[in-house]
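The primary structure of each chain is shown beneath.
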Amino acid sequence: MTADRHARIVIIGGGAIGCSLAYHLARAGENDVLVLEKAQITHGSTWHAAGLVGQLRGKRALTRLMQNSVAVFDSLGSETGMVIDWKKVGSLRLAASDARWSEIRRSMQLAKSFGFETHEMSPKEAQAMFPHIDPKGVVGAAYIPTDGYVDPYALTQAYAHAARKGGVKFEEGVTVNDIPVKDRRATGVVTDHGTISADIVVNCAGYWARRIGQMAGVALAAGVVEHQYFVTEKGLDLPANLTTLRDPDNNFYLKPDVGGAYAIGGWEDGTKPCWHQSAPFDFARQLFPENLERLERFATLAADRLPVLNDIGIRTIINGPIPVSADGEPIMGLAPELENFFVACGFTAGIAASGGAGEAMANWILHGDPGLDLWPFDVRRFGPPHAQASYLEERAIEAYGAYYKVHWPGDQTQAGRGLRRSPLYPALLEAQAVLGAKFGWERPLWFRTSDPTASEIPSFEGKPGWFGAVAVEANAIRTGVALIDQTSFSKFEITGSGAQAALNRIAAADLGGAPGQAVYTQLCNAKGGIEADVTLIHVEEGRFLLVTGSGFGVRDAAWVRRQLPPDVTLRDVTNVFAVINLCGPKAREVLQKTCADDISNTVFPFLTARGIEIGLAKSLAVRVGYVGELGWELYVPNEYAAHVYETLLRAGEDEGIRPVGYLAVESCRLEKGYVYWSAEVTPETTPFEAGLGFAVDLGKEEFTGRDALRAAKSAKPKRRLTTFTVDGFAPFHGGETILSGNKVVGSLTSAGYGHHLGCTIGFGYLPADLAAMQDFRIEAFGKSYPARRAPRCLYDAKMERLKR
């Protein structure tokens, strides 16, 4: 590419996110930065945003991101000398149903675990704070004193002003037309005003982000739909410090506006998608025609809650495009397809998130780490299927309409379903599987045949309708024999004469053994944090299979690929092989009926990987599992999978073989103490903190993170992953607060009911000086439960059942 000029970092997009990133880069001393905006600063969705700032979210990461934003808003005005009209008046969130009140209290409990201030309020207290509301039907409310609202235009201009003072250049009226790529790097941008080479390119293009990504060969699940709000006539007598209001059960939000008016918006079902998810570049400071039918869906509910609205007219209706990703959360990070192309897009609440997002992205670009766990927003949680226009459109519409819906534990999306199906899908339906979705795959959660009285009714504080069915399936795993369809697991074939040596430099465990073995290992970063938690199967000389979770494949493959030498190849074989897990104490009896191979423990011990024949088909059989029982994961070419599954079902009839779903797997993994990446282990967690030191070989030659891990082991962990138990059933879902006395000492990373052991189990990190204590309390939904620190592994700690 022949360039007219060069910038070290090129940011595409001059909205709140792009300008915040420029501001934070400048603050960090990075001044060779160029921001390109095709129209003028704020002319995407920023200029017509409502500007509410709410920090309390259902996800810890988003709450922390919003907290960081508020910290930026608090100082930006004085730092720049510009008025951003930041009104830190607090916010009131109403619950008009028991389910909503449970959801809000769960979010407040999560916030308590990391010191974020929230207050429970009664309906009367809420009305006293916001006199215009009719409290009829209100169960309770949450008050967040540090929330508020800000002027989106003024905020963005302040970011840009401060960035310019720090040396950042802005060019408006410049459209990016192409992003040349060479050797997995974006070499720069081609614009209608010339070609610019760059070391790093950042896509902050808002609802144009998907098109910008396509120029670089990067698939982004960044959609765009219509969003409406209205501003009432002026004249209401509103106090200057009136709080903002959210009433999600009535599907509206509200902020005071100038002159004694309200700005009111909502998240109605059935919003209109825009441009088949490909926004035109000539659309700038424009709006769509108002849609009164959609507006009515939340405006009438707002008037029920605030009767004063019936006496005042509507002055303005705003209907404009708004970014929405395939799951409704932001999209951030380094794109897996390239080495230097970052993205920060898909922000439905971009104004509120802008300060924290810009800071995190600056850290990511300059230091390779955003500074907090942002996996829920990581670009690598999506793959190419999510970015397909039709699929994205369905999911974006649903995500938009779900913004104020109750988010039940284990909630499943309904849009975009049926996209990826295992070869066993017909058999699962015949067995009356209740299916969930993971990375586009249809997967069994539980089976109606396990308990005909079971239902799909969820619960926050009680047992869900499927509780009995999961108990039956867990019992099959623990006492009989079960089949689990694990086809959705991400699988990668790594080949080449240097594959073993290369992987041994990436993995923490020793991979120097002969073929025919499976190795459980972590892939660590330079700081010793766990980037991936995987199984590596040494199939034959120069050939490995890397197996990881269904939603982690894009992420883990990108991590490995960046460290492989040119003569070693990584290929995605997820769609090539079905995976059938045969597990339980009777698994050997069943499997032996179907094959002539000797599968005794002497010949086929734990962690062995070997080809066998099952019925008329060949399979790679691997003695591993995630439930803590004798078992084999069977890797079968897709065309033979149904035959193998049917063969095993017939062979297991006398043993009472049963298909089981992922909820039973989760119950069993909690009993066994197995970790889950993104919950117990993350890039901020070392194996020694998580009790995984057995999977680290510090004596082998150099591998990624070895020096940091040696230092971590010598220093001894400052915190330790701990198992807690509560007698009987407790409504734990993860995120609950752990107390020692009256002091908050941690929160649960995972939790659930152990059906075989008959108790509630939770995992959480404790400071090392508390890890030997026995008695704690765990808070959930306003109630405190006595909890005991238990052995890290509650079930078969000596691994006798696995290895028999």
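Throughout what follows, the structure given in this document is the object of discussion. (Residues numbered from 1 in each chain as written. Predicted model: local features only at pLDDT ≥ 70, side-chain atom pairs only at ≥ 80, totals over all residues. Heavy atoms only, no water.)

Turning next to the sheet that holds strand 17 (residues 261-266). If you trace the 8 strands from one edge of the open sheet to the other, you get 5-6-4-15-16-17-14-18, paired in mixed fashion. Of all strands in the sheet, those with a lone pairing partner are strand 5 (119-121) and strand 18 (314-325), marking the two edges. Recorded for the sheet is a direction-independent mean angle of 20° between the axes of neighbouring strands. Of the pairings in the sheet, the one linking strand 16 (residues 252-257) to strand 17 comprises 6 bridges and is antiparallel in character. (Pairing = 2+ DSSP bridges. Helix = DSSP H or I, 4+ residues; strand = E, 2+ residues; numbered from the N terminus. Axes fitted to C-alpha atoms, helices over the stretch in contact; angles between N-to-C directions.)

With that out of the way, let us pick up the layout of surface pockets. Taken as a whole, the second largest pocket spans an internal volume of roughly 800 Å³. Surrounding the second largest pocket, 37 residues form its lining, Gly368, Asp369, Asn525, Glu531 and Pro683 being those nearest its centre. Sorting the residues of the lining of the second largest pocket by element identifies helix 8 (350-367), helix 14 (553-561) and helix 18 (706-715) as the ones contributing at least two each. No other element matches the 3 residues that helix 8 contributes to the lining of the second largest pocket. Considering only residue class, the lining of the second largest pocket consists of 16 nonpolar, 8 polar and 13 charged. (1 Å grid on protein atoms, 1.4 Å probe; cavity = no way out; pocket = protein on both sides within 12 Å on 5 of 7 lines; lining within 4 Å. Points joined across faces, edges and corners; volume = space filled by probe spheres on them. Nonpolar A, V, L, I, M, F, W, Y, C, P; charged D, E, K, R; others polar.)

Our next topic: helix 2 (residues 60-80). For helix 2, with 21 residues, the first-to-last C-alpha span of 30 Å sits near the 30 Å given by 1.5 Å per residue. For helix 2, the secondary structure elements touched by its buried residues are helix 1 (16-27), strand 3 (52-53), helix 5 (152-165), strand 19 (331-334) and helix 8. Of the residues trailing helix 2, Gly81 is marked for its positive phi of about 75°. (Expected span 1.5 Å × (residues − 1). Contact = heavy atoms within 4.5 Å.)

So, about the nonpolar core. Core analysis: the largest hydrophobic core is formed by 54 residues, its most contacted members being Ile11, Leu21, Leu65, Phe170, Val202, Met332 and Leu374. Per-element accounting of this core gives the leading share, 9 residues, to helix 8. Beyond its immediate sequence surroundings of up to four residues, Met332 is in contact with Leu65, Val343, Ala344, Phe347, Ala357, Ala360, Met361, Trp364, Leu374, Phe377, Asp378 and Val379. If you look at the next biggest cluster of nonpolar residues, it comprises 40 residues, including Leu34, Val201, Val343 and Val379. (Core = buried A, V, L, I, M, F, W, Y, C linked by side-chain atoms within 4.5 Å. Buried < 20%, exposed > 50% of the residue type's maximum accessible area, 1.4 Å probe, protein only.)

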